[in-house]
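Overview (structure and organization)
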Amino acid sequence: MSAFWNWYIIALVVANVVGIVWLLLATARRKRGVVEQATTGHIWDEDLQELNNPLPLWWLGLFLISVVFTACYLAFYPGLGSTVGALGWTSNKEVAADLDENRRKLEAVFARFRDQPIEQLERDPQAQTLGHNVFVNNCAACHGSDARGAKGYPNLTDGDWLYGGTPDTVVASIAKGRHGTMPPWAAVLGDQGIEEVANYVLTLSGQNADAALAAAGKARFTATCIACHGPEGKGNPLLGAPNLTDNIWLYGGTLDDIKASIRNGRSGSMPAWENVLGMDRVRLAAAWVLAQAPRAETATAAAPAAGEAGQP
Amino acid sequence: MKPLPKIALVDDSLYAAQAKVYPREIEGRFARLRTLAMFVLLGVFYVFPWLRWDGRQAVLFDLPARKFYVFGLTFWPQDFFWLAWLLIIAGLSLFFFTALAGRLWCGYACPQTVWTEVFLWIERACEGRRNQRIKLDAAPWNAEKLRRKGTKQLLWVGFAAWTGFTFVGFFTPITDLAREAANFSLSGWEAFWIVFYGFATYGNAGFLREQVCKYMCPYARFQSAMFDKDTLVISYDAARGDPRGARKRSADPKALGLGDCVDCEACVQVCPTGIDIRNGLQIECIACAACIDACDDVMDKMDYARGLIGYTTENRRAGKPLHVLRWRTLIYGGLLALLIGTFVWGIVHRAPLILEVLRDRNALYRRGSDGAIENSYTVKLVNKTEVAQRVRLAVADDSSVQIVDARDITLPAGQVTSVPLTLSAPAGHIQGKQTIKLQARSDDDRMAVVQSAQFFAPKEP
């Protein structure tokens, strides 16, 4: 605040308070002299009159108390221009104090989970509740509130992991983000080549395809695609290259979808959440997500009814 | 136009100190009625927070948890509607009772009247009867005056503090509050509100008293608009009483040319607002009927008929019959009965289970590898009961639409549970948008609730 506005506000406030006190005292001492009849002289509806009784004295007291309150308020709190007041209170400090307190409360909750492995968090009801909340607030916008994804956003409940499904890789996917790129192959393969490769890819997951085209496509696939998708088309989690044999499709599994993926390429991006959420929340979200997916060894017990987990 | 009393104001101030009112103690029919109302109302106030129900405080308005407990009922924010309903009932009751018998509320039930009465009792116990109190106030300060006034203040402050404590005890569990108060470990806000309400009680009932009714209360200002000529009001029978004058008990008033009023001013001395009822209906009158009791007492002593001051209507004073049942009271009463009836019915039939289905706001639909169309939702289930419930979700109106991974959901007592839900429709079954009905049913079949939701699928399969 510049010096002018500072003094402008101080002058306004002081002038108002002084003006009100003057008005109060001036009207209180009003000389009325002898009044013949105790009415204001107004008449409504033929015979309604207003009495002109004096106000109770305590009313004046209330006005004066509010003036005193004003003086105290201005002494303790900011109000006179840029003066801070005796208490040094500002709304910024209050927000900071509230945030601090909130952080302290959360710290007490998160500290318990910090040293526990993800596998343990998957069975902890409180961790699951917190992880679910983190997921709903941050992840569900793309992956859906049921975590089953959408076109271009992977389904997290099917046990198929583009970058690997161990706790460490899932935590890394959330914390650091992922960027999966499939280059466009239109220039290399040409229309015919795309048709052939797409038909071959269909056969990998056991779908109906034109046998002749697929046979021709196999050679092209071996020449161009196996670097990422592997000789059997099983993909490579290190690169995020999808498994083409499991009939799980991020961008759709029809012939048209596959041709579009080959022709134009695909580019999928998962943002890095570490700086947004902090590692405590990232781990809780990872634990919830992992609890939704079936695992090879615990597929039958994977239902997330984590009630009987035996945690204290 | 009725001429107003002429008052020569020589005062040169806009403000005037208010003369202190010393209401005289009174016994009689209406005083007993008011004492009864006082014991019932204050009893409710001071005792209710201490009652227990199902292991919790019976009446507790838990603002941080946003739950109001009233004995067996738990009110949620979703039930706020009923509070509005209750306020409408309260408002209409004011209309009904005012039209019927004037300011019944003011005279018998208003907290201002009730607490003032308690403070007056304390004042009488410490400072004596009306004359003694006037004399004590006029006397110079001495040990006796200090002792009497000091005792009164001590009792007032104690009672006011207890009132503030009880009030806060409706909002924060009173047993915890008592423990904290005993350990001097009250939180800042609890202490503030106890002191605030204690101070308000002390100031209003100890000092402001009738000033609240005369200068602060809005009801006092607009109640006269609800009166009609058949409203029961307290009034002095001028035709019978005037001309007023003192006389011996044995004297014949007719021979002396006097009416029945012996001008003893008992009615003025008992008045808690310091008015003379014989001047007619006045805005200050809170209809406490103390003057009726006082006058009846004098009439009994004089062997005159009671009722020189009494409840009557404007029409009755003019010689017309009393009309308690009339269009105004019948319509108000009928509306009131209807509102109370629906209120009770609604409270009894409140849904103990609430189901909300929120559609995901991302992709409209997704296609499974078998071509089935899936939509995802968040389901919020509110269990308003005090026991855990198990519920099962089902699509009520379209058996082809299936819930993916359907399983029973456990709802903890008195909590909101949020679960993801995936609905799946076979390829081509739904085209475009379809409204479906989702049902939640408790496994004991005692609670069921249906909510509609939208399902989206491509227009062409």
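Cut-offs and rules
- Numbering of residues starts from 1 in every chain and runs along the sequence as written.
- Throughout, the order in which chains and ligands are written sets their labels, letters from A for the former and numbers from 1 for the latter.
- Owing to the predicted nature of the model, reporting of local features is limited to residues with pLDDT of at least 70; listing and counting of side-chain atom pairs is limited to 80 or more, with chain, interface and lining totals taken over all residues.
- For helices the rule is a DSSP run of H or I covering at least 4 residues; for strands it is a run of E covering at least 2, with both sets numbered from the N terminus onward.
- This radius of gyration counts C-alpha atoms alone. The globule rule is 2.2 Å times how many residues there are, raised to the power 0.38.
- Three exposure classes are used. Buried residues have 20 or more other C-beta atoms within 10 Å of their own C-beta, exposed residues have 12 or fewer, and partly exposed residues fall in between, all C-beta atoms being placed from the backbone.
- Contact between two residues is assigned whenever their backbone-derived C-beta positions fall within 7 Å.
- Residue ranges for the domains originate in an automatic or database domain assignment.
- One bridge is not enough; two strands pair if DSSP finds at least two bridges between them.
- As a rule, the C-alpha atoms of each element are fitted with a line to give its axis, helices using only the stretch in contact, and angles between N-to-C directions run from 0 to 180 degrees.
- Angles below 35 degrees are treated as roughly parallel, those above 145 as roughly antiparallel, those between 65 and 115 as roughly perpendicular, and all remaining angles as oblique.
- Left-handed describes a crossing whose near helix is turned anticlockwise from the far helix by less than a right angle; the clockwise case is right-handed.
- In this classification, the charged set is Asp, Glu, Lys and Arg, the nonpolar set is Ala, Val, Leu, Ile, Met, Phe, Trp, Tyr, Cys and Pro, and all remaining amino acids, among them Gly, are polar.
- Each nonpolar core comprises buried Ala, Val, Leu, Ile, Met, Phe, Trp, Tyr and Cys residues, the members being joined through C-beta atoms within 7 Å.
- What pLDDT conveys is the predictor's confidence in a given residue, as a value from 0 to 100.
- Expected helix span is taken as 1.5 Å per residue step, with the number of steps being one fewer than the number of residues.
- The term bend refers to the angle at a residue between two fitted axes, each drawn through seven residues, those ending there and those starting there.

This paragraph deals with the overall build of chain B. If you tally the helices and strands in chain B, you get 16 helices and 17 strands. Relative to the globule expectation of 23 Å for 461 residues, the C-alpha radius of gyration of chain B, 32 Å, shows a markedly less compact shape. Here chain B, with 461 residues, has 25% of them falling under the buried criterion. Counting contacts in chain B only where the partners sit at least 6 residues apart, residues at least 24 apart contribute 68% of the total.

With that out of the way, let us pick up the overall build of chain A. Per the secondary structure count, chain A includes 12 helices and five strands. In summary, chain A has a C-alpha radius of gyration of 37 Å against a globular reference of 20 Å for 312 residues, an excess of more than 25%. Principal-axis analysis of the C-alpha atoms gives chain A an extent of 120 × 50 × 50 Å. The buried share of chain A, reckoned over its 312 residues, is 23%. Within chain A, contacts between residues separated by at least 24 positions form 62% of all contacts whose residues are at least 6 apart in sequence.

Below, the discussion takes up the domain arrangement of chain A. Much of the literature gives interface size as the accessible area that the parts lose upon coming together. What the domain assignment reports for chain A is domain 1 (54-90), domain 2 (105-177 + 271-308) and domain 3 (182-267). Just the C-alpha atoms count here: the centres of domain 1 of chain A and domain 2 of chain A sit 54 Å apart.

Residue and element names in this part refer to chain B. Taken together, three strands build an open sheet; the order of strands is E4-E5-E6 and the sheet is antiparallel. In this open sheet, the two edge strands, each paired with only one partner strand, are strand E4 (59-62) and strand E6 (73-75). Neighbour to neighbour, the strand axes of the sheet diverge by 15° on average, direction disregarded. Here strand E5 (residues 67-70) pairs with E6 via three bridges, running antiparallel.

Right, let's get into the packing of helix H6 (residues 143-169) of chain B against helix H7 (residues 174-182) of chain B. All names here are of chain B. The interhelical angle for the contact between H6 and H7, taken along N-to-C directions, is 135°, at an axis separation of 9 Å. Looking at the two axes, H6 sits oblique to H7. When you trace H6 past H7, the crossing you get is right-handed. Across from Phe-165, Val-168 and Gly-169 in H6, the residues of H7 making contact are Ile-174, Leu-177 and Ala-181. When its residues are assigned to classes, the contact of H6 with H7 shows five nonpolar, one polar and no charged.

A word on the nonpolar core. Residues and elements named next belong to chain B. Ranked by internal contacts, the top residues of the largest apolar core, which has 28 residues, are Cys-267, Ile-277, Cys-291 and Ile-309. Only strand E7 (233-236), helix H13 (266-270) and helix H14 (290-302) provide two or more residues apiece to this core. Sort the elements by how many residues they give to this core and H14 lands first, with five residues. For Ile-277, the contacting residues outside a window of four places in its chain are Ile-234, Tyr-236, Cys-267, Cys-271, Cys-285, Cys-291 and Ile-309.

All names here are of chain B. Here chain B is partitioned into domain 1 (18-350) and domain 2 (353-457). Using C-alpha coordinates to define each centre, domain 1 is positioned 55 Å away from domain 2. On the domain 2 side, the residues contacting the four residues of domain 1 number five residues.

This part takes up unusual backbone geometry. Residues and elements named next belong to chain B. Put simply, Asp-242 and Pro-243 share a cis peptide bond, and its omega is -10°. In this model, Arg-209 sits at a positive phi of 40°, which is unusual for a non-glycine residue. Position of Arg-209 relative to the elements: it lies in the loop between helix H8 (188-208) and helix H9 (210-216).

Residues and elements named next belong to chain B. Bridge count between strand E16 (residues 432-442) and strand E17 (residues 448-457): 10 bridges; the pairing is antiparallel. Residue pairing in the sheet places Ile-436 in a bridge with Ala-453 of E17. Where E16 folds back onto E17 in an antiparallel hairpin, the turn is made up of five residues, including Asp-445, whose phi is positive at roughly 65°.

Any residue range with low pLDDT should be treated as having predicted coordinates unsuitable for detailed reading. Summary statistics for chain A give a mean pLDDT of 87 and a share of 91% for residues scoring 70 or more. Note that pLDDT drops below 50 for residues 297-312 of chain A; the model gives that stretch 18 contacts with residues more than four away or on any other chain.

The next subject is the packing of helix H4 (residues 111-127) of chain B against H8 of chain B. Residue and element names in this part refer to chain B. Contact geometry for H4 and H8: axes closest at 8 Å, N-to-C directions at 75°. The angle between H4 and H8 places the two elements in the roughly perpendicular class. Here Gln-112, Trp-115, Thr-116, Val-118 and Phe-119 of H4 lie close against H8, whose contacting residues are Thr-201, Asn-204, Ala-205 and Gly-206. Here the residues of the contact of H4 with H8 sort into four nonpolar, five polar and no charged.

What follows deals with the environment of Leu-57 of chain A. Its location among the elements puts Leu-57 of chain A in helix H2 (residues 57-76). Taking the C-beta count within 10 Å as the criterion, Leu-57 of chain A has 14 such neighbours and is therefore assigned partly exposed. Contact partners of Leu-57 of chain A, with chain neighbours within four places excluded, come to Tyr-15, Ala-16, Ala-17 and Gln-18 of chain B.

Attention now goes to helix H8 (residues 211-224) of chain A. Residues spaced three or four apart along an α-helix face the same direction, because each turn holds 3.6 residues. The end-to-end C-alpha distance of H8 of chain A, which contains 14 residues, comes to 20 Å, matching closely the 20 Å that a straight helix rising 1.5 Å per residue would cover. Taking the largest bend as the criterion, H8 of chain A deviates by roughly 25°, centred on Gly-217 of chain A.

Looking now at the sheet that holds E16 of chain B. All names here are of chain B. Judged by pairing direction, the sheet is antiparallel, and its four strands sit side by side in the order E14-E12-E16-E17 without closing on themselves. In this open sheet, the two strands that pair with only one neighbour each are strand E14 (409-411) and E17. Pairwise comparison of adjacent strand axes, ignoring direction, gives a mean angle of 30° for this sheet. Here three bridges tie strand E12 (residues 389-395) to E14, and the two strands are oriented antiparallel to one another. The partner of Val-391 across the bridge, within E14, is Ile-409.

Further remarks concern H14 of chain B. The terminal C-alpha atoms of H14 of chain B lie 19 Å apart, and with 13 residues this matches the ideal 18 Å at 1.5 Å per residue to within 8%. After H14 of chain B finishes, the residue Asp-303 of chain B shows a positive phi value of roughly 65°.

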